Structures are given as C-alpha cells and as structure tokens.
Amino acid sequence: MKKPIFHSATITLKLPLDISAHEEIEALRTAGIPVDALGNAKSGFLFVRTVGGGAQSQQNIFRWFASHIR
C-alpha cells in the first residue's frame, strides 16, 4: 500500500486584518503568490483563515498551494 502524499503550503503569509485591499494584494505578490487585481489566485489554491482573539489582534493567514510541486 502506497503512503499518502501530503502537500504542505508552498507559501504561508500572515497579515493584519485591518490593512487595505491594495496593501494585501501587494504583500501577496511580494511573497510570490500569483494573484489578480481582486486577490484571487491565478494558479494553485489560496486558502485564507482569520485568527486572533480581540479585534485588534486579528490576522489573516494566507496559505498558497502551488499547482505543481517542484
């Protein structure tokens, strides 16, 4: 029986919840995540999760999984 293959996120990025959409898109692109003008992944899969207790400490965690593992 073959061992299952798990693919960890290619890139993980944590950003404050209160940054602007423009700043968020620029940060994603700078990190190497290919996103369009709306912040949608052009390739692969982009998973976003909000974490944090209070309103001031909330953050978005972006995990991007590339289409192909190199």
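All values reported here derive from a predicted model rather than from experimental measurement. (Residues numbered from 1 in each chain as written. Predicted model: local features only at pLDDT ≥ 70, side-chain atom pairs only at ≥ 80, totals over all residues. Heavy atoms only, no water.)

Considering the environment of Lys3
Argument step 1. Inspection of the secondary structure puts Lys3 in the segment before strand E1 (11-16).
Argument step 2. Owing to a relative accessible area of 74%, Lys3 belongs among the exposed residues under this scheme.
Argument step 3. In this structure, the C-alpha to C-alpha distance between Lys3 and Asn40, residues 37 residues apart in sequence, is 32 Å. (Helix = DSSP H or I, 4+ residues; strand = E, 2+ residues; numbered from the N terminus. Buried < 20%, exposed > 50% of the residue type's maximum accessible area, 1.4 Å probe, protein only.)

Regarding the sheet that holds strand E3 (residues 59-65)
Argument step 1. Read from one edge of the open sheet, three strands run E1-E3-E2, paired in antiparallel fashion. The open sheet terminates on both sides in strands that have one partner only, identified here as E1 and strand E2 (45-51). Strand-to-strand, the axes of this sheet are offset by a mean angle of 20°, without reference to chain direction.
Argument step 2. Direction of pairing for E1 relative to E3: antiparallel, over a ladder of six bridges. Paired with Pro16 across the bridge in E3 is Gln59. (Pairing = 2+ DSSP bridges. Axes fitted to C-alpha atoms, helices over the stretch in contact; angles between N-to-C directions.)

Describing the pairing of E3
Argument step 1. Strand direction decides the pairing type here: E2 and E3, joined by seven bridges, are antiparallel. Residue Val48 lies in a different strand from E3, and its bridge partner there is Phe62.

Here we look at the nonpolar core
Argument step 1. Ranked by size, the top nonpolar core spans 11 residues in total: Ile11, Leu13, Leu15, Ile25, Leu28, Ile33, Val35, Leu46, Phe62, Trp64 and Ala66.
Argument step 2. Listed by contribution, the elements that provide at least two residues to this core are E1, helix H1 (21-30) and E3.
Argument step 3. Tallying contributions element by element places E1 first for this core, with three residues. (Core = buried A, V, L, I, M, F, W, Y, C linked by side-chain atoms within 4.5 Å.)

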